[in-house]
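# Descriptive analysis of the structure
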Amino acid sequence: MALPPILKDKLRLPVIGSPLFIISHPKLTLAQCKAGVIGAFPALNARPESQLDEWLAEITEELARHDAAHPDRPAAPFAVNQIVHMSNKRLEHDLSLCVKYKVPVVISSLGAVPEVNAAVHSYGGIVLHDIINNRHAHSAIRKGADGLIAVASGAGGHAGTLSPFALIQEIREWFDGPLLLAGAIATGGAILAAEAMGADMAYIGSPFIATQEARASEAYKQAIVEGAAGDIVYSNYFTGIHGNYLKPSIVAAGMDPDNLPPADPSKMDFEQATGGAKAWKDIWGSGQGISAVKAVEPVEKLVDRLEAEYKAARARLAL
Ligand SMILES: Cc1cc2nc3c(=O)[nH]c(=O)nc-3n(C[C@H](O)[C@H](O)[C@H](O)COP(=O)(O)O)c2cc1C
């Protein structure tokens, strides 16, 4: 199945800059879109909830201004991430704003719900749902999502455990719609590899933490620059859901990252499970691909690097 125009027409690379709790805000999203990749942010990052209206107005107006000034290189569309979970009391409010501003792409996480998909379809938007296994992928498509984000092992934040090869292969056996791959993708070669194995696009998070536009502390950005796969630990201790985190931040919080206790389910709540500020502010999420990140740079330079590497990988393979 051909990719919908929203996911390809104005893109310089087949990439979504994935939503990052606390870190993604209009400045980062706009920089990603202007650099030619889809920029995304979680609706919950706008706090209080009334701020979401302001953010969506700002992004919509600024992208329209950019396109009028640069018709030769229009900005990529943007995406809003909705946590679909019964404890997310803001969902209805946040979704109605996505409808008001006709947000081109909505990324739903945790729960797949037909009403969310119908609301987004009402104005011509598309819904991508993130999943970590084939069973959840089937359920999301059955409930009306347009596409899937396969979150494989090594992804930053809440991550799966499956090999990207196995996950994409299983989904492609029955699904020919839009399919993205997430997990430790940090080079242009890895974007091409995702396409080669059957994905349409790459979903990239952690490298964007170490950009000038990201809303992360300098220490966090430096930890991404200095880190590599061996510095990442996979644990459910902090939110009740397994995710990947930077070991130095766990050491700084006075814990031993190599001996974390299992999560206590009785202590888990929505705020923690969907990114409780404390867990994410002090315990830093990151995927395993960060060795490719050598400096804190503007988003534009990161996307330039990804594009140069992507072209070099294509040339190497004589594509
Ligand atoms: C610090 C951090 C925060 C994240 N917050 C969210 C979030 O709020 N919503 C969401 O759907 N995914 C979230 N993710 C997951 C990313 O959107 C994406 O799946 C992941 O970053 C991809 O793996 P990579 O970091 O190795 O590129 C987060 C990831 C990180 C590293």
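As shown above, the structure is provided for reference.
The text that follows walks through the structure, step by step, so that each part is easy to find. Source: prediction; values computed, not measured. Once a new chain begins, its residue numbering starts again from 1 and follows that chain's sequence as written. Whole-chain, interface and lining totals are the exception, using all residues; otherwise, since this is a predicted model, local features are given only for residues with pLDDT of at least 70 and side-chain atom pairs are given and counted only at 80 or more. For side-chain calculations, the full set of non-hydrogen atoms in the structure is used, while hydrogens and water are omitted.

Looking now at the pattern of salt bridges. Salt bridge, as used here, is a side-chain nitrogen of Lys or Arg placed within 4 Å of a carboxyl oxygen of Asp or Glu. The final tally for this structure, using the stated rule, is 14 salt bridges. The closest approach of N and O atoms between aspartate 304 and arginine 12, which form a salt bridge, is 2.5 Å. With aspartate 304 in helix H13 (residues 299–316) and arginine 12 in the segment before strand S1 (15–17), this pair connects stretches of sequence that are 292 residues apart. Whether a residue is buried, partly exposed or exposed follows from its accessible area with a 1.4 Å probe, protein chains only, as a fraction of its type maximum: under 20%, in between, or over 50%, in that order. The class for aspartate 304 is partly exposed, based on a relative accessible area of 35%. According to the relative accessible area criterion, arginine 12 is partly exposed, its value standing at 29%. Helical segments are the DSSP runs of H or I of at least four residues, strand segments are the runs of E of at least two, and each set is numbered from the N terminus.

Let us now look at the packing of helix H3 (residues 91–100) against helix H4 (residues 114–121). Two elements in contact, H3 and H4, have axes whose closest approach is 9 Å; the angle formed by their N-to-C orientations is 20°. If you check the angle between H3 and H4, you find them roughly parallel. Handedness of the crossing formed by H3 with H4: right-handed. Contact residues: H3 offers Leu91, Leu95 and Val99, while H4 offers Val116, Ala119 and Val120. Under the convention adopted here, Pro, Cys and the residues Ala, Val, Leu, Ile, Met, Phe, Trp and Tyr are nonpolar, Asp, Glu, Lys and Arg are charged, and Gly plus all remaining residues are polar. Within the contact of H3 with H4, the residues separate by chemical class into 6 nonpolar, no polar and no charged. Angles run from 0 to 180 degrees between N-to-C directions of axes, and those axes are lines fitted to C-alpha atoms, restricted for helices to the stretch in contact. Angle categories: roughly parallel below 35 degrees, roughly antiparallel above 145, roughly perpendicular from 65 to 115, and oblique for all the rest. It is the rotation of the near helix from the far one that decides the hand of a crossing: anticlockwise by less than a right angle makes it left-handed, clockwise makes it right-handed. In this description, contact between two residues means that some pair of their heavy atoms is separated by no more than 4.5 Å.

Moving on: the nonpolar core. Here, nonpolar core means buried Ala, Val, Leu, Ile, Met, Phe, Trp, Tyr and Cys residues that are tied together by side-chain atoms lying within 4.5 Å of each other. Formed by 49 residues in total, the largest nonpolar core has its most connected members in Ile171 and Ile191. Element by element, the count of residues in this core is highest for H13, at 6 residues. Dropping the residues within four chain positions of it, isoleucine 171 is found in contact with Ile131, Asn134, Ala137, Leu148, Ala150 and Leu179.

Below, the discussion takes up the sheet that holds strand S10 (residues 232–235). Pairing in this open sheet of 3 strands is antiparallel, and the strands run S7-S11-S10 from one edge to the other. What marks the edges here is a single partner per strand, and that holds for strand S7 (157–158) and S10. One ladder, built from 4 bridges, connects S10 with strand S11 (residues 243–246); its direction is antiparallel. Of the residues in S11, the one forming a bridge with tyrosine 234 is asparagine 244. One requirement defines pairing of two strands: DSSP has to find at least two bridges between them.

Every buried residue of helix H6 (residues 164–172) is accounted for by Leu167, Ile168 and Ile171. Take H6 and look down its axis: the buried residues cluster within an arc of 90°, on one side only. Elements that come into contact with the buried residues of H6 comprise strand S5 (126–131), helix H5 (134–142), strand S6 (147–151) and strand S8 (179–182). Two to three positions downstream of the cap, the backbone nitrogen of phenylalanine 165 sits 3.1 Å from a side-chain oxygen, assigning the N-cap of H6 to serine 163. Within this analysis, the arc is defined by the directions that extend from the helix axis to the C-beta atoms. Pairs of N or O atoms are called polar contacts if they sit within 3.5 Å, as long as, within protein, a hydrogen donor faces a hydrogen acceptor (for residues adjacent in sequence, only side-chain-to-side-chain pairs).

Nearness is judged by heavy atoms alone; a residue qualifies as near a molecule or strand once a single heavy atom is within 4 Å of it. The environment of the ligand is formed by 25 residues, the closest being Pro19, Phe21, Asn81, Ala184 and Ser206. Between proline 19 and the ligand, the recorded distance is 2.8 Å, taken from a backbone N or O atom to an oxygen atom. The backbone of phenylalanine 21 places a nitrogen or oxygen atom 2.8 Å from a nitrogen atom of the ligand. Areas reported here follow the Shrake-Rupley algorithm with a probe of radius 1.4 Å; residue values treat only the protein chains shown as occluding. A total of 600 Å² of accessible area belongs to the ligand in isolation, and the protein chains cover 94% of it. Tallied by class, residues from the shell around the ligand come to 12 nonpolar, 12 polar and 1 charged.

Bringing H5 into the picture now. Three- or four-residue spacings in an α-helix give side chains the same orientation, since the helix completes a turn every 3.6 residues. For H5, the full list of buried residues reads Asn134, Ala137, Ser139 and Ala140. Buried residues belonging to H5 abut S5, S6 and H6. Here H5 starts with a cap whose side-chain oxygen sits 3.2 Å from the backbone nitrogen of arginine 135, and that cap is asparagine 133. Note on H5: the residue one or two positions beyond its end, glycine 144, has a positive phi of about 110°.

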